[in-house]
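# A closer look at the structure
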Amino acid sequence: MDCSLNVMTLNCWGIRIPVLKTPHITERFAAIAELVNRSDYDVIAFQEVFDINDYVHLSCKILDKLPYNHYFDGGFVGSGLCIFSRYPIAETLYQEFPLNGQAHKVLHGDWYASKGCGLAILKVKDMTVNVYTSHMIARYNHLQPFDEYAGHRAVQAFTFSQFVKHTSVSCDAVIVMGDFNTAATETPYRILRSNAVLNDAWLVKNGECADGEGCTSDALHNCFRTNYSSGILPHGERIDYIMYRANERIDLQLFECRVIKDKIPGTNLDYSDHQPVVARMSIKKNITAGQVPMPDSDVRLSCLQELIDTVDKGSARARYSKYFYFVMSLICLMMLLVSRERYLGDFGDTFHTILEIIQGVMAIMATVSIWMSAISSRWEERIYRRQKCDLEILVKGSKSAKVKKFD
């Protein structure tokens, strides 16, 4: 018997921190709950629901439609990830990403969100469906050479793909949803699909997007689109995805995948700065269905090599950062030493007040620089080294398997 599997993913843009608070947040969350109640979704994955009160509000409002839910808590402000389901949630698991921004980049906020990938194992009649969601690190500069977190995003995509691959062996079907902050032409997207053997629902039903069709972030019609985005991304970009895979003896049919462009009823507001992505599927057991699909070895090898190159660049950036902050710490400490009163004499109270402020700033900068040089950058460099080792082992194993295949 077929079971419906209608799913939706949405980055809710739910930041309530005073300096970074997103516009119309209360109104938008109320409208998101109404959108769910008007629809027939079986599973929903939300990102950027950072305030636990917003999660509780959503849970109460859509309880009749989706009675099962889970919030993947963690970090200073929470991961922002949650899953709502019509089907019972049997188990949950969360894997934090090893690299996720920098602590001193406070306005970026990624480091404080404890980003990672969440898994909810659903019992869909007599079948087990693994639903995954994630929100990978943001791009603060869309020009590739200046994307300071390209290495972090690559490591996150590899971690996510390994997490999906190794936790989905015994399930019947896999659904992966979220805001991955990577375009379909980029390495993180390609490694996620090739290593975890996933189908992109949008590509399967619609093909490549043209002239903004299928774009989910900074879309032309979105009221929250910025002038900066208009200059860099004329049509917006597709970075929110629904991916899927059916395992052995399972039929999974995809009927539709679309991007919701509707405004909040009665207003000119969008539900978020991202567009919701929805897919309609059905799933059933079929003893004659084929085996679990194997990854295309050539595509995966190509992606792994690209990923190693990206990791090498990230490691070089971390190494440069280590030396840069070491020099900065020396400069700050020297300025603190020079600014001691016995070297400068007496120039009045106003001068000494200003001097104390400068010394305080220098002390803070010296502390941050020492932390970045001695701990943070070294930590980052070692994680890159570990990831490269894992990738090289995977490449070696893939090449060996390929050689045996043709022997």
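The preceding data block contains the structure.
Just so it is clear, the structure is predicted and the values come from calculations on it, not from any experiment. Residue numbers restart at each chain and count upward from 1, following the sequence in its written direction. This being a predicted model, a pLDDT of at least 70 is required before a residue's local features are given, and a value of 80 or more before pairs of side-chain atoms are given or counted; all residues contribute to the totals for chains, interfaces and linings. As a rule here, side-chain values come from all non-hydrogen atoms in the structure, and water together with hydrogens is ignored.

## Structural notes on helix α3 (residues 150-167)
- We count a stretch as a helix when DSSP gives it H or I for four or more residues in a row; a strand needs E for two or more, and each element gets its number in order from the N terminus. Residue count minus one, scaled by 1.5 Å, sets the expected span of a helix. Spanning 18 residues, α3 covers 26 Å between terminal C-alpha atoms, matching the ideal 26 Å at 1.5 Å per step.
- A large share of α3 lies buried, amounting to 14 of its 18 residues. Each residue is placed in one exposure class: buried if its accessible area under a 1.4 Å probe, protein chains only, is under 20% of its type's maximum, exposed if it is over 50%, and partly exposed if it falls in between.

## Here's the deal with the environment of Tyr41
- Summarising the element assignment, Tyr41 is placed in the loop between α1 (25-38) and β3 (43-49).
- In the structure, Tyr41 is positioned 35 residues away from Asn6 in sequence and 4.9 Å away in space, judged by C-alpha atoms.

## Considering the layout of surface pockets
- Only protein atoms enter the calculation, which uses a 1 Å grid: trapped sets of points that fit a 1.4 Å probe without letting it out are cavities, open sets showing protein on both sides within 12 Å along at least five of seven lines are pockets, and any residue with an atom within 4 Å of a point is a lining residue. Grid points are joined across faces, edges and corners, and a volume is the space filled by probe spheres set on the points. Estimated volume of the largest pocket: approximately 1,100 Å³.
- Surrounding the largest pocket, 42 residues form its lining, Trp13, Ile15, Glu48, Ala138 and Tyr140 being those nearest its centre.
- Contributions of two or more residues to the lining of the largest pocket are made by β2 (7-14) and α6 (227-232).
- Here the lining of the largest pocket takes three residues from β2, the largest share from any one element.
- Partitioning the lining of the largest pocket into residue classes produces 17 nonpolar, 14 polar and eleven charged. Each residue gets one label: Ala, Val, Leu, Ile, Met, Phe, Trp, Tyr, Cys and Pro are nonpolar, Asp, Glu, Lys and Arg are charged, and the others, such as Gly, are polar.

## Section: the sheet that holds strand β6 (residues 89-96)
- When DSSP locates at least two bridges between a pair of strands, those strands are taken to pair. With mixed pairing, the six strands of this open sheet are ordered in space as β6-β7-β8-β9-β11-β10. Both outer strands of the open sheet, β6 and β10 (199-200), are each paired with one neighbouring strand and no more.
- Pairing between strand β7 (residues 116-124) and strand β8 (residues 127-135): eight bridges, direction antiparallel. The partner of Val124 across the bridge, within β8, is Met127.
- We call two residues in contact when some of their heavy atoms are within 4.5 Å. Between N-to-C directions, angles span 0 to 180 degrees; the directions come from axes that are lines fitted to C-alpha atoms, helices contributing only their stretch in contact. Sheet strands in contact with α3 are β6, β7, β8 and β9 (173-179), and its direction is about 170° off that of β8.
- Here helix α4 (residues 187-196) sits on the sheet in contact with β10 and β11 (240-246), set at roughly 10° to β11.

## Comments concerning empty space enclosed by the protein
- A complete count under the given rule lists one cavity of 30 Å³ or more for this structure.
- Approximately 30 Å³ is the volume attributed to the largest cavity.
- The wall of the largest cavity is formed by Trp202, Gly214, Thr216, Arg238, Asp240, Tyr241, Ile242, Val259 and Val277.
- Per-element tally for the lining of the largest cavity: the top contributor is β11, with three residues.
- Class assignment of the residues belonging to the lining of the largest cavity gives a composition of five nonpolar, two polar and two charged.

Shape is all these values report; function is a separate question.
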